[in-house]
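As a plain string of letters, each chain reads:
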Amino acid sequence: MIKLVTGEEMQLIDSYTIKEIGIPSMVLMERAALGIVDHILKRKHIENEKVFILCGSGNNGGDGLAIGRLLGNKGIRTNIMLLSENYTQETSMQLKILQNLNIKVDKYDADQLKKYISESDLIIDAIFGTGLTREVIGHYKDTIQCVNNEDKFVISVDIPSGICSKSGKVLGVAIKANLTVTFGLNKLGNVLYPGTLYASKTNIVDIGFPKRAYDSRMLKHFTFDENALQKLPKREARSNKGTFGKVLVIAGAINMSGAAFLSAMAAYKIGGGLVNIMTHEENRVIIQTSIPEAIVTTFNTLDNKELDKTCFIEFKSSIKDANVIVIGPGLSQCKATKELLEYVIRHSKVPIIIDADGLNVLSNELSLIKEHQVEIIITPHPGEMSRLLGVSIKEVTENLIENANFISKKYNIICALKDARTIVTNPFDDVYINTSGNNGMATAGAGDVLTGIISGLIAQGLRPYEATCLGVYLHGLSGDKAKERVGVYSMMARDIIEEISKVTNIN
Ligand SMILES: NC(=O)C1=CN([C@@H]2O[C@H](COP(=O)(O)OP(=O)(O)OC[C@H]3O[C@@H](n4cnc5c(N)ncnc54)[C@H](OP(=O)(O)O)[C@@H]3O)[C@@H](O)[C@H]2O)[C@@H](O)CC1
Ligand SMILES: Nc1ncnc2c1ncn2[C@@H]1O[C@H](COP(=O)(O)OP(=O)(O)O)[C@@H](O)[C@H]1O
Ligand SMILES: [K+]
């Protein structure tokens, strides 16, 4: 698990380290500057290059001044410009050190700024870090625009100036970096869109925060890297298909068998023991032909799209047998879907994953999940989420974390809000932010594959929140493997399924 922090949380870690542990702020700043200088010195022809450092009034600017001093010591040609006349204590101390060493620091001057930018090979952005609190205006805005207009390599210190460290939003204007070097823990703003596009590649450097400074805080945001593969459920040698759980997939209205197929296939490919597909009677033959490994039970609808209630006899035992239930993919928004959903919520004793049309039906009747007895996971994309909350899609995509948190708490459920950075929340404020996956996955059926993966992990015994976070991660990783094989233009949902085995086959 990799923790991520907001600027505010990082400031708490800073002040705990400085005030309670006793590591001086200037020591942390020196190590931060050394971390950036290491990256700069890795450039191939740095001895022939010119560096230009832009510094703001806060400690981010202090980092910039220290970087200038260290580069000077190495004999690298460096220009430094300070954009403010008021500084924090640490930044004042850095400035004093530079003055003692007779290192020139320019004050802001628009013409000089343009000259330095055009002469330089590398620009260091130390204007604003985690302390940015408001829209960037005036000469700060002009400076950032000047940098962005020139095609120079830019390294941002901690976070690109202009990006909100909590939300990833652009506060008016922001530096477009080629590399961001961040300290201690990565900032949410470097990971969330659009900030992540401005940060480009992000490297984290250890500047000596004691482990306790991270552990003693209630840090709730996290992401995964490939170490998360260790969380895959263990497969006992002495086992049978019952050991790895039973998934019930309730999916597919007339002529919509594809969604059921994709969810069921993914549930099997991630290791689920047995998949039972409950689908419309009309889909029986095609499902049995396309996925003979699945058990098929069916329901029928009457002329008015209501459910033929005789199906409940068979349905009852399917529900009783299952370790996890998926409901919604390709079910259409008819009365039958509502009836099925109502029945499942009322009778299930195991976790339920509600997706696609299940969510569309739910958005007209959220009271259905108010008094649920089992764990419920919803997997909306922003369109489905906007219908669930009765807000615009823009409101959903601009505030992914807040919206996912809100619905998780209000209904006591797990929410995987799908996007290029999918967010997974639970009612206890935990927030997983997914960083795997790519734009090739914006293809029909990719969501059905995710539902199947999560269900297969729950069937094998993972707890629902853990399974949802890991499922989202593995789904993205499978998409990344599919990108390597077929590219983003040709990727189809089935390509993601095909790559699941490459992701899970780790031993
Ligand atoms: N010991 C430590 O703490 C360590 C910290 N480290 C480094 O410090 C960074 C955090 O430093 P920070 O908190 O001083 O704020 P920072 O990001 O430099 O910028 C904010 C400054 O700009 C101002 N300002 C804000 N918005 C503005 C706007 N729109 N337009 C104009 N001005 C605006 C605001 O002042 P204000 O005007 O609000 O009084 C404030 O002074 C962190 O990212 C890391 O790089 C490392 O060295 C490790 C040790
Ligand atoms: N640009 C992207 N980067 C990463 N993941 C993406 C991107 N676009 C889509 N995805 C993922 O693909 C899936 C699409 O799901 P969804 O919109 O429900 O598709 P469908 O309804 O067609 O099955 C989600 O898991 C989403 O996170
Ligand atoms: K910066």
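So, how was this worked out
Residue indices follow the written sequence of each chain, beginning from 1 at its first position. Labels follow written order: the first chain is A, the first ligand is 1, and so on. The model is predicted, so local features are restricted to residues of pLDDT at least 70 and side-chain atom pairs to those at 80 or more, both for listing and for counting; the totals for chains, interfaces and linings are taken over all residues. Water and hydrogen atoms play no part in the side-chain values, which are based on all heavy atoms of the structure. Working definition: residue near molecule or strand if any one of its non-hydrogen atoms lies within 4 Å of it. Throughout this description, a polar contact denotes any pair of N or O atoms lying within 3.5 Å of each other; where both atoms belong to protein, one of them has to be capable of donating a hydrogen while the other can accept it, and for residues adjacent in sequence the pair is counted only when both atoms sit in side chains. Computed with a 1.4 Å probe, the accessible areas rest on the Shrake-Rupley method; for each residue, only the protein chains presented here act as cover. The secondary structure listing takes helices from DSSP runs of H or I that are at least 4 residues long and strands from runs of E that are at least 2 residues long, numbered from the N terminus. By definition here, a salt bridge exists when the distance from a side-chain nitrogen of Lys or Arg to a carboxyl oxygen of Asp or Glu is within 4 Å. UniProt positions are given in the numbering used here, feature names are shortened, and annotations may be inferred rather than shown by experiment. We call two residues in contact whenever any of their non-hydrogen atoms come within 4.5 Å of each other. Per-residue accessibility, obtained with a 1.4 Å probe over protein chains only, is compared with the maximum for each type, and a residue is labelled buried under 20%, exposed over 50%, and partly exposed between these values. By definition, two strands form a pair when at least two bridges between them are found by DSSP. Axis lines are fitted to C-alpha atoms, over the contacting stretch for helices. Their N-to-C directions set the angle, which ranges from 0 to 180 degrees. A clockwise course of the path from the first strand over the helix to the second, judged with the strands pointing away from the viewer, identifies a crossover as right-handed.

Colleague: Quick one: what's the story with the site of ligand 1, residue by residue and with numbers?
Modeller: Ligand 1 sits among 25 residues. The nearest are N60, D63, G129, G131 and D158. Measuring from a nitrogen atom of ligand 1, one finds a backbone N or O atom of T133 at 3.4 Å. Contact between ligand 1 and E135: a nitrogen atom at 3.0 Å from a main-chain N or O atom of the residue. Within the complex, the protein chains bury 80% of what would otherwise be the 920 Å² of accessible surface of ligand 1. Taken together, the elements giving at least two residues each to the shell around ligand 1 come down to α1 (7-21), α2 (25-41) and α3 (59-73).

Colleague: Now, about the pattern of salt bridges: what can you tell me, with residues and values included?
Modeller: Oppositely charged side chains can pair when the atoms bearing their charge come close. Tallying each qualifying case throughout the model produces 20 salt bridges. The salt bridge partner of K220 is D430, with a shortest N-O separation of 3.6 Å. Of this pair, K220 sits in the loop between α9 (211-215) and β10 (221-223) while D430 sits in the loop between β18 (423-425) and β19 (431-433); the two residues are 210 residues apart in sequence, bridging distant segments of the chain. Measuring nitrogen to oxygen at the nearest pair gives 4.0 Å for the salt bridge that ties E306 to K335. Within this pair, whereas E306 is found in the loop between β13 (295-299) and α12 (312-321), its partner K335 is found in helix α13 (residues 335-347), the two being separated by 29 residues in sequence. Residues joined in a network through salt bridges with shared partners are R485, D495, E498, E499 and K502.

Colleague: Explain the UniProt feature "binding site: AMP" (unreviewed entry) in the protein chain residue by residue, including any values.
Modeller: Within this structure's numbering, the places UniProt gives as "binding site: AMP" (unreviewed entry) are K418, D419, A420, R421, T422 and G447. For this annotated set, covering 30 residues, all C-alpha atoms fall within 13.7 Å of each other, a compact arrangement in space. Setting aside its immediate chain neighbours within four residues, R421 contacts V191, Y193, T196, L400, I433, N434 and T435. Inspection of the secondary structure assignment puts T422 in the loop between β17 (414-417) and β18. Given the relative accessible area of 7%, T422 is considered buried. Not counting the four nearest positions on each side in its chain, T422 is found in contact with A416, L417, Y432, I433, N434 and V472. Polar contacts involving the side chain of T422 include one to the main-chain carbonyl oxygen of D419, which spans 3.1 Å.

Colleague: With reference to specific residues and values, describe the sheet that holds strand β4 (residues 106-107).
Modeller: What the seven strands build is an open sheet, ordered β4-β3-β2-β5-β6-β7-β9; its pairing is parallel. Looking along the sheet, the strands with just one partner apiece sit at the ends: β4 and β9 (201-205). Where strand β5 (residues 122-126) lies against strand β6 (residues 153-157), four bridges are found, and the strand directions are parallel. Looking at β6, one finds that D125 is bridged to S156. Contacting β2 (50-55), β3 (77-82), β5, β6 and β7 (179-183), α3 crosses the sheet at an angle of about 155° to β2.

Colleague: Describe the UniProt feature "domain: YjeF N-terminal" (unreviewed entry) in the protein chain, with residues and values.
Modeller: In the numbering used here, UniProt assigns the feature "domain: YjeF N-terminal" (unreviewed entry) to residues 10-215. When the span residues 10-215 is considered, its composition is 45% helix and 17% strand, and the gap between its end C-alpha atoms is 13 Å.

Colleague: I'd like a description of the pairing of β3, backed by residues and values.
Modeller: The pairing of β2 with β3 spans six bridges and is parallel. Residue pairing in the sheet places C55 in a bridge with L82 of β3. Note on the crossover from β2 through α3 to β3: the handedness is right-handed. Taken together, the two bridges between β3 and β4 define a ladder with parallel strand orientation. Considered in β4, the bridge of M81 is made with D106. Read from β3 through helix α4 (residues 89-100) to β4, the crossover connection turns out right-handed.

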